[in-house]
Structures are given as C-alpha cells and as structure tokens.
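# Structural overview
Below are the chains, spelled out letter by letter.
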Amino acid sequence: VLHVLVPPFINRPQNESEVVRSQGKRRRSFIRKKREQPPSAAATLKGRGGSEDVSVPKDIDLMALPQLCFPGGLQVTNEQRDEQFHFLVFTDVFGNKTHGVVLQCYRPILVHSPTYNTSHTTFSKLFSAFGFCVISKYPYFTALRDCLSCLLIQLRTCRLSDMEERVKEFAAKLTLVPIPPPGQLHLVCMFTLRPLTIVVPSREDKDHPAIDLDLHLPFLCFRPQQLLQVISCLLQEQRVVLFSADWARLTLVAESLLLFLHPLSWQQPYVPVLARGMLDFLMAPTAFLMGCHVSHFEEVAAETDDLILINIDNGSVSSSCSDTIDLPHIPPAAADCFTQRCQSLQMHFDLDQCHHASCTDINHQRAQRRAWQHNLNHDVQRITLELIVNIFRDVSSHLNYEHRVFNSEEFLKTREPAEQLFYKKVLETHIFHSFLKDRLNRKMDNYARMELSTRSEMQKFYYLRGLINTLCSRRLDALSDFQNLYKTDTAIFPAQLVTWLVESLHWDERQQADRRPELKRLILKPDDHVKKFELPRKHLHQDEFVRCVQECGIVKDVATIHRLFDALTDGQPKQVDPELFRVFYTFWKETEAEAQDVNLPTDVIDHLDNSECVYKLSSCVKTSHGVGKIAMTQKRLFLLTEGRPGYVEITKFRDIQEVKIASAPFLLVRIPSLRIQTSCQPEMFEANLKTETELWNLVVKEMWAGRKMADQHKDPQYITQALTNVLLMDAVMGCLQTQRSIVAASKLAYFDKIKHEVPMMVSKTTSETLKHKINPSVDLAEPQTVHVLLYTPGQLTCNNSEGEMNPKLWVALSGGKVVVFDAASWSIFHGTSSTMSCNKQLTEHRHEVTGLTVDTRDQPNSQQTYSCSCDGTVLQWDSASLKVKRQFHLSCDRLSSIQIHDGTLWCCCGDSVVELKRSGTPQRRMALPDNLLSMASRFSSFIVFPERGQLWTGCADSGELCLWHANNNRQPSKRISLPGSSGVTCMIRVKDQIWVGCCSQGSVGGQLRGQVMVVDPESHTVAKELQAHSDSIQTLCSAEDRYVLSGSACRDGKIAIWKVE
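- As named in an unreviewed UniProt entry, the chain is DENN domain containing 3, taken from Lates calcarifer.

## Comments concerning the overall build of the chain
- Scanning the chain from N- to C-terminus turns up 29 helices and 46 strands.
- The proportion of buried residues among the 1061 residues of the chain is 49%.
- A fraction of 56% describes how many contacts in the chain between residues 6 or more apart in sequence connect residues 24 or more apart.
- On the chain, roughly 54,200 Å² of surface is accessible, and the fraction owed to carbon and sulfur atoms is 51%.

## Section: the sheet that holds strand β40 (residues 983–990)
- Taken together, the four strands give an open sheet; going across it, the order is β40-β41-β42-β43, and neighbouring strands pair in antiparallel fashion. What marks the edges here is a single partner per strand, and that holds for β40 and β43 (1021–1029). Direction aside, neighbouring strands of the sheet carry axes that sit 25° apart on average.

## Examining helix α10 (residues 362–392)
- Helix length check: α10 (31 residues) gives 44 Å between terminal C-alpha atoms against 45 Å at 1.5 Å per residue, within 8%.
- You can read the cap of α10 off the contacts: a side-chain oxygen lies 2.9 Å from the backbone nitrogen of N363, and it is on D361.

## A look at empty space enclosed by the protein
- For the coordinates displayed, the defined rule picks out four cavities of 30 Å³ or more.
- Taken as a whole, the largest cavity spans an internal volume of roughly 70 Å³.
- What lines the largest cavity is Y866, R886, F888, I900, G903, L905, L916, K917, R918 and G920.
- Here the residues of the lining of the largest cavity are counted per class, giving five nonpolar, two polar and three charged.
- Approximately 50 Å³ is the volume found for the second largest cavity.
- For the lining of the second largest cavity, the per-class residue count stands at four nonpolar, four polar and no charged.

## Quick word on the sheet that holds strand β28 (residues 849–854)
- With respect to topology, four strands assemble into an open sheet ordered β28-β29-β30-β31, the strand pairing being antiparallel. Taken across any chain shown, the strands that pair with only one partner, and hence form the sheet edges, are β28 and β31 (883–889). When strand polarity is set aside, the average angle formed by the axes of neighbouring strands in this sheet is 20°.
- As judged from the six bridges shared by strand β30 (residues 873–878) and β31, these two strands associate in the antiparallel manner. Following the sheet pairing, W877 is matched in β31 by V884.

## Some thoughts on the packing of aromatic side chains
- Per the stated rule, a full pass over the model turns up 20 aromatic pairs.
- Ring geometry for F422 against Y423: centres 5.3 Å apart, planes inclined by 80°, an arrangement best described as edge-to-face.
- The class for Y423 is buried, based on a relative accessible area of 1%.
- Put simply, the rings of F392, F406, F411, F422, Y423, F432, F435 and Y447 touch in pairs and so form one group of aromatic residues.

## Examining the pattern of salt bridges
- If you walk through the whole model with that rule in mind, you get 35 salt bridges.
- Among the ionic pairs, R636 bridges to E649, the shortest N-O distance being 3.0 Å. Remark: E649 occurs in strand β19 (residues 647–652) and R636 occurs in strand β18 (residues 636–641); sequence separation between them is 13 residues.
- The class for R636 is buried, based on a relative accessible area of 4%.
- Ionic contacts of the salt-bridge type, sharing partners, join the residues D609, E612, K635, R636, E649 and K652 into one network.

## Description of unusual backbone geometry
- A cis amide bond, omega 10°, links R194 with the succeeding residue P195.
- Looking at where P195 falls in the secondary structure, it is placed in the loop between β7 (189–193) and β8 (196–200).
- In this structure, P263 follows H262 across a cis peptide bond, with omega equal to 15°.
- Within the secondary structure, P263 is located in the loop between α6 (247–260) and β10 (270–271).
- We note that K714 has phi near 50°; this positive angle belongs to a residue other than glycine.
- By secondary structure assignment, the location of K714 is in the loop between α24 (693–713) and α25 (717–736).
- For K714, a relative accessible area of 23% gives the class partly exposed.
- Located in the positive-phi region is D902, a residue other than glycine, with phi close to 50°.
- With respect to the element layout, D902 can be found in the loop between β32 (895–901) and β33 (904–909).
- Here D902 falls in the exposed class, since its relative accessible area comes to 58%.

## Some points on the side chain of E612
- Its place among the elements puts E612 in the loop between α23 (602–605) and β16 (616–623).
- Of the polar contacts made by the side chain of E612, one reaches the side chain of T633; its length is 2.6 Å.
- Within polar-contact distance, the side chain of E612 engages the side chain of R636 at 2.6 Å.

## Topic: the environment of F565
- The residue F565 is located in helix α21 (residues 558–568) in this model.
- Looking at F565, the relative accessible area reads 2%, which means it is buried.
- Residues within four places of F565 in sequence aside, it is in contact with L540, H541, Q542, F545, K574, Q575 and V576.

## Focus on helix α20 (residues 542–551)
- Considered for burial, the residues of α20 that qualify are F545, V546, C548 and V549.
- One or two residues past the end of α20 sits G553, with phi positive at roughly 80°.

## Some remarks on the pairing of strand β9 (residues 239–244)
- Burial analysis of β9 places six of its six residues in the buried class, which makes it a mostly covered element.
- Burial along β9 is two-sided: the face carrying R239, V241 and F243 and the face carrying V240, L242 and S244 are both buried.
- As judged from the six bridges shared by β9 and strand β11 (residues 288–293), these two strands associate in the parallel manner. Bridged to V240 within β11 is L289.
- As defined by bridge partners, β9 adjoins strand β12 (residues 308–311) across four bridges and the pair is classed as parallel. The residue bridging L242 from the neighbouring strand is I310, located in β12.

## Observations concerning the state of the cysteines
- Evaluation of the coordinates by the stated rule reveals zero disulfides.
- A disulfide-free cysteine, C147 has its sulfur positioned 6.6 Å from the sulfur of C150, the nearest such atom.

## Structural notes on the confidence of the model for the chain
- Per-residue confidence for the chain averages 83 on the pLDDT scale, and 85% of its residues sit at or above 70.
- With pLDDT under 50 throughout, residues 11–55 is counted as low confidence; its partners more than four residues away or in other chains account for 112 contacts.

## A few points about the pairing of strand β25 (residues 808–813)
- Where strand β24 (residues 786–792) and β25 come together, six bridges link them in antiparallel fashion. Bridged to Y791 within β25 is L809.
- Of the strand pairs in this sheet, β25 and strand β26 (residues 818–822) are connected by five bridges, and their pairing is antiparallel. Within β26, the residue paired with W810 across the bridge is V820.
- Between β25 and β26, which pair antiparallel in sequence order, lie four residues; one of them, G815, sits at a positive phi of approximately 80°.

## Some words on the packing of α24 against helix α27 (residues 750–757)
- Orientation of α24 relative to α27, taken along the N-to-C sense of each, is 65°, at an axis distance of 7 Å. Every pair of crossing elements has a handedness; the one defined by α24 and α27 is left-handed. Where α24 approaches α27, its residues K701, E702, W704, A705, G706 and M709 are matched on the opposing element by Y750, F751, D752, I754 and K755.
- Split by residue class, the contact of α24 with α27 holds six nonpolar, one polar and four charged.

## Details of the environment of E579
- You can see E579 is positioned in helix α22 (residues 578–595).
- Placed 41 residues apart in sequence, E579 and K538 show a C-alpha to C-alpha distance of 8.9 Å.
- Within polar-contact distance, the side chain of E579 engages the side chain of R582 at 2.5 Å.

Cut-offs applied
- Residues numbered from 1 in each chain as written.
- Predicted model: local features only at pLDDT ≥ 70, side-chain atom pairs only at ≥ 80, totals over all residues.
- Heavy atoms only, no water.
- Helix = DSSP H or I, 4+ residues; strand = E, 2+ residues; numbered from the N terminus.
- Buried < 20%, exposed > 50% of the residue type's maximum accessible area, 1.4 Å probe, protein only.
- Contact = heavy atoms within 4.5 Å.
- Areas by Shrake-Rupley, 256 points an atom, 1.4 Å probe, with all protein chains shown as cover.
- Pairing = 2+ DSSP bridges.
- Axes fitted to C-alpha atoms, helices over the stretch in contact; angles between N-to-C directions.
- Expected span 1.5 Å × (residues − 1).
- Polar contact = N/O pair within 3.5 Å; in protein donor to acceptor, adjacent residues only side chain to side chain.
- 1 Å grid on protein atoms, 1.4 Å probe; cavity = no way out; pocket = protein on both sides within 12 Å on 5 of 7 lines; lining within 4 Å.
- Points joined across faces, edges and corners; volume = space filled by probe spheres on them.
- Nonpolar A, V, L, I, M, F, W, Y, C, P; charged D, E, K, R; others polar.
- Phe/Tyr/Trp six-rings, centres within 6.5 Å; stacked < 30°, edge-to-face > 60°.
- Salt bridge = Lys/Arg side-chain N within 4 Å of Asp/Glu carboxyl O.
- Disulfide = S-S within 2.5 Å.
- pLDDT = per-residue confidence, 0-100.
- Left-handed = near helix turned anticlockwise from the far one by under 90°.

Below you can see the structure in the form of structure tokens.
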C-alpha cells in the first residue's frame, strides 16, 4: 500500500488535558462509564512532502488489501495493457458490509540494463500495474467505476511523480458528494467529473441496499433452470463457489444473486473475490458464498468435497463430486412461474433503442441507458420477489402472532411429498430463521405487500364462515373462526364484531368458552391503553407510591420502594406529599443528566475496570492522601486529586475493616471526619468531609456490607442492590434537607442493617462448594418462586450470535413465566428466538400435569415419553408423532411425579411410591412408615438405584430419608437423619451421590430456610451440609454431573450453582 487517503485529509492534534468539571450549586451523584480508547488504526502517507498520519477504517485490513486489488498477482510486462476494473465486498464479524471498486492500470518504469562491451548504460522500458481502490459503505459499483474512469483520463497524461497529488484531489472531491436519503421520493445525487455526469442512486428504504449494478447479468449468464438451481443452493445454505475468467463478473453476479433472495438475508461467510493466496478459505466447513478465477476450477473440484461449483462464463452448475447436483429442487409451481416470467424480460438495450435517433451526447446516452436499466432492474426484482413469495407463501398461514410460534410440522404436512425434503432443509437454515423473525414482527416490506395482494383464500374462508356463524347465532363457532383468523391475519380481524360477540354470550355459552383455552384471549379484555407518566397531584399512600415509583423508572423492587416510602415519610403521616415526590423525582433525574457532563482524565480511567462507573463524588476536601474529591464506583473508593487531576486509591470495598465517624482538629474547632481502616494499608485513611460525613458514613458502610455479602454468597446482585440503596439515600438527603434527613436516609441502609442483625458468616463447606448465584427475577418487581429447572447441553465455544448452540438453563417461575439463561455466561436471553418457540400444544390431560419422564434406552427417533397428572392419569406418548399410545389410571390422592428405570415406571403418590408393570397395574407399593401416617405426611420425592435394588424416599414433613430394599417393601431398612432439616422437598442423583433439597426453621424469626444435603449412599451418611437459600428449596437440577443447581421459593427466589466433586 503506497498511499491511504481518508477524509478530512488534515491532522487534528488531540487535546490531552481532560479535566473534571467542578459542580457548583449542590452536591450531585455522577455516573460515568470508563471510556474505551479508540483503536490505534493509522497509516502513513509517504510522498515528496514528508509523511502524514491519518486514520484508516478499522474494518479494512491493509495487509490483505493488496492481494485483493491484484487477485491474480502483481504483474510486470514488456508491453502496455488495457486498464481493468473489478469489485470487492468486505464483511465484518457483525455482517456489516463495506464495498470497494478497484482500477488496475499499467504505467511505464525504467529498468537499468548494464552492457559489458561498452561504457554506455542502457535502460529497458517495462510496464508495472498500479491499483487504485475506492472504498465506500455503500454499494455504488457503477458510480464509483465511472469516477475512476474519469480519474484514469488524468492519470494517462500525468507524470508518475504527480500521480499522488492527482489522486488526492480526486479523493477530496469524492468525499464532498452527499448520499441521497432513502425513501419513496427516489432522490438521486448528480455531479460532474469531466467528462462524465455521474449519478448516485438512493435506496428504496432504510432496510434495503442501494442498487447500482445491472441485475440482469445473471440472466445473461444462466438459463432460468440453472438460475433456479443456484437460488435453491443458496436457500439451503450450501458451500457455493463462483468461477469466472473476469474478476469483475464474480462480485456483480454474487451481489445480484443475494439481491434475488430478498427479503431473506445471507447469514454465512461471503467473499466474492478470492485472491490466489486465499484459496484455503474454500476448506471452511461451514456454508459460504465465494468466488475465484476459473483457472482454479479443476484444482478446487479435485481437492474439496461437497462444493457447489458455478461457472459464470459457460453457465454450468455442478458439484465437486459429480457433474450434477443431488439437492432438492425448488417446488415446481414456483419454478414454472419464474421460468415463464423470465421470458418476458427485455434484456437487450440495443433492441430497445432501434427506433431512436443516434445519440451525439455521451451524457444523454448514459441517461437513456440508466433509465432503461432502472426499469429492467425493477422487473427483475419483481420476478425474483414473486419467486420467493411463491416458495414461502403459506408460511404466514402457520404463524401464531400472539405466541410468536411457527408450526413447522403442520406447514410440512401441507407440502407435496416431492417438496418436503426441500422445505425440511430450508426450514433448518439461519437465513430462514432471520426471515421468520421479520414475519412474526409483522414487518411490512415488499414481500409482505406482494403476499398480501396474492394471499391464499384461507383467511377469507375464516372471515366469511365467522360472519355466517354470527348470523346463525353460533357465537362460539364464530369466535373460534375469528381466533384462527387472528393467528394468521390481523389486518382483517373484525375487532368490533368480536367485542360484540363476547358481550352477547349467554351464561351457558360463557361457561363453555371459559373451558376452551383457545378463546381466552378473545374473552379477556387486555389492558392495551398507553399510559403517559405524570407526577402525582395528590398525597400518595404506600400502594400508590409503589406504582408511581415503578412507572417513572426509578426502581422496580417492591421491598426497596417500601423502604423508600418509610424514609420519605419519616416522622410524618404514612403518605407522601406530591410536592415532596416532585422534588425527589426532579433531584433524581437532574443527577442522572448532570452526571453525563463529567469527563474523567485518561490517567484516571486507566486505573478502573472496563465495567466501572463513578456513581458518587464528594466536594473538594482535605484527606490523609491529599486534597481532592472522593469518588465512589461499585468496586472502590479513590481520591481525585486537585490541581492536575490524578488518581490515588483509597480502598476496595472488600478490603475495608472498619468505618467510623471522628473529628479532626482545626485551629480551635474540630471538624467532622470519616475514618476508614483497610487490610491493604496499616495507616487509617481520614477525610474531613464536614457536613457530608454522616452521609458518606452510611454510603461506605452500605457498599461494604453489600460487597461482603456478594463475596460470601457468590451473588453479584448484592452489590447492585447496595448501589441502588446508596443512590436512593443520596436523593433522600437532597430532597429532605432537614435535621432528620440522615435518619430518614439510614432507613435505606438495608445490608448494613442485616449485617448487624443476622450472622453473615457462611460455612467453609458452603463457600467452597458454592460456585455462583443468579437471580431469574432480576427484571421483575418481586422475587418469584423457582418451580422447575431444566439444563440443556450445548457447546461453550459456539460463535452463534444468538447463542442457539450454547448450553441453556430453563427456569419456570410463578405465574407461568419462563426465563432462559445462557449457561456459558449465566446471562438472560432477551427477545424471542425462533428456536425457543412452542411448536405444538398437547392437551390430552384434563388435570394439572405434574411429571414427565423419557425412556432413554430407546433410540432417539423411537423414544417413549410418559406424562402424569395429579388425578392419577398416566399417558404414554410416541415421541415422533406426539400421539398417545397408551393410557392408564392409578388410584391415589395425588400423583406428584414419575420416573422410569430399566423400562419400569415408578410413581410418587401422596401416601406411597408405586412400581408399575408394563400393563399399568401396580407391582409393588412402598407405603408411608407408620410413624408418619399419623402425621398426615406425604412422600415428596424419591430416587431409584436399580443396580443396587434400592429406593430412597423423602417426606415433606420429616427430616430424614428412608432406604427401601427390593426384597422388603413393607418397612424401610434404614433411616438417615438430616441434621437441622424439618422436611425434604426434592432430591436427585448425581454420579454416586444423592443431593437432597430440605427446608428448616431459621434461627431468626422462625422463617423457613433452604438447605442442600449431599448424602453418600454407600456409608448412609450426610457428606455435606450446604446453607443454600433464605427460603425453602423447590427444585434441583444437574448440569452434566459437573454442577447442581438449586431453586428456591419466592422469599429468596434465586438459583444457586454448586460444584460436584
């Protein structure tokens, strides 16, 4: 790379003197994320005038650019060659594209040729290729080629020494050309680079790229049948390689093919031009679309398997294994329609211009050609869009917009047998998943508009039949039709008619409707009005205060809001004055806004972690470390020194040993100060905070307590909650400004308070076994009970942006909410993924479903699944067809769970554990021990060890486990006491251990607490006692026998992750 020209072509020295702006009027809290340093991407322009540093676009690899500019290699010839153009596309890891147009031209160079017989020196004249690459975020291939053509005229007449200045002037002109806005106005930008007038077209809308190429080129290279084969390969995400002797054709044809797929967007690697040294890219195991020179055709075909080889020059489509392609074809109806439409395309400009006079003005002729090409491109786009609509037309009929579900099984059933293999392959691709998301989001693009205009008759059928049922007073049938209509087409959904139908239901019809879940959405009136937050105008009682604080977005947690209510009503009637709320709200919002004005010096930022923010800043005070402002992040305290801003660490919160208020002597008076003793420094830190001392005392102690609890419980949410408490204290102090304001603020010091009330020490065994804690209710107003945990394995090293292959933890909470965690990072998945959709609902059970189990001995495609409901019904399912194969009923009070071991089904009933024969009749029954029968107790869980002939059971009201042997089902052979436990809630087998979830009465207030006991089945002893949760444990789950996860009831609502030894 000889030269890099990037606007604005001037040096801008950076200002290093970043200082912290002083805050004048009153104390504020500051939130400032650590700034990421800009990438040090710079290149040097070398010329006669010296050197100049300019920034280079970070997505462009200057090391790889030369071989892409000369994909066939840099050549030196002994004769002048014609100039050539080709086109490049760069794609970053996020799928963002950058485009390049390359001009290759040959310039003469002199080579010294010494002669031995004479004293004269001769020079031979050779020609070397020079490359000029214009890079743009937009695919203006034709416009940039025209621009480079104008530059070429100047380069032919200028000297080699003047070439750099000519190119720099050319680049400066290009950067001044505006980009036309997208939209229906179809504005264009026209400018002149002598001798041509150049047009920059606009985009159709913000979601579509600009089209500045000839879309009919693939139709000139391929017959419609071959073009359909290529499109089919792309839809099935095959490994596709384009070949041509002309480098320019590769990108133009590849870009056209991808535009033919719209609105489906290619999600796989895309490199339309591979240089000679990049052919190893074709060994990639994933799907891709790449292009290379036709001279490598035989080499690529011989060395690489399972490639689709497309020769643009002769219009052939083959595979690296054979001359034919063994892939499913596009459905015949869509293919035939496409073939017929192709015959109507007028693709020859000369034929269109036969009746016109010869053009004597080149720019006028170019304008005529542009207009013709624009119309032809429009026809091509319409034909290819119609093809895509015909392929996927009935997808919308199987979408449930309400629950964001695509019923793929039912969709496949509607396809012809010969088409099903094609659709099965396409439905599994990333390109189709992205398309599905747009459909479920009701994206109104060209596809949706064309489909709407040519939609099948099913929606009309539901609509008309619903009207007829309404006229015939079959109101429930009419509602059922309109519900089916709502699932597929909300545009013609008769909302007012449905409302009238619901209101006119008779009492008996309403009862029938209540028993039909599919009509629930129509019968229940949703609260769909949009609320605008307004400050209250009357006094707020506690419930109204909670709603108001949640609506204005200050905090969601109800318990925290209750403490805030107590703080603001300190010494007053239990209601908040609207003026006080306005002052509190204004102070909170102004604090957030003004925090953004603070700039930390670069030297200070370098001492902070990437995630650290400054949340609170004191006034300028004298400290034992010097004069400055005390800054607080979520991890530490540091001093921002005065004068030349600098960083002096005070302490990390986890290193604090003592915090106390003292007084420092000053002349004849004593000034209130804050003293902090840390484990890292022998001397005590002291700051003369004066009137701020009491608040900082509360703040530091709360953050210290939160950090200590977060470390001991392996739960980072404690420090997040402590930080929220601190910010609320700050706001309460600012809005009250009374003598009792510090007392009011102290009511928010939650963790400092419980540190003194409840022992914070966690046992060594618990600390060593506990890996981490996560909170599935973090975005909810109150903690929810964790009812069920399910871990699904995956790959920890997956690079999929949506995490579809990562291991997941599925969490079922109260109220029917399901939260999914990425088990690689323990972060919650946001949004809806098509891989997390409900494809089928099974409604054969008539009562609450309480258990599921799978016979893992069977092959995956023939596995037998069993489900049970609380009334004693057990159903056997065929996993492939999801049909009930067998049903039997067990007489019991409540059937709570089932397990299958070695083909034998075990059922946990209230008063017994029953082993069933294959016929469904009881074979053995283990009844509650006599001492528990009188206590009205019940079995809560059990574990079967088939290889040992053992059954372990636990009861909800007994702090012991019972061990049963196969040869004695009347009485347990042994009972193992669980220390401190008052009942067993759940148990699982992990390796050769039994993990037991227990509940016990806490030492403070008699509240339930959760314990996990690890039992050794060999020695019949408790190997570990783990202090798990502040509420009873509801469920246990194993993650590949490496970790055990426990979920608790709503007073705790968290999930603990334990290491398995």
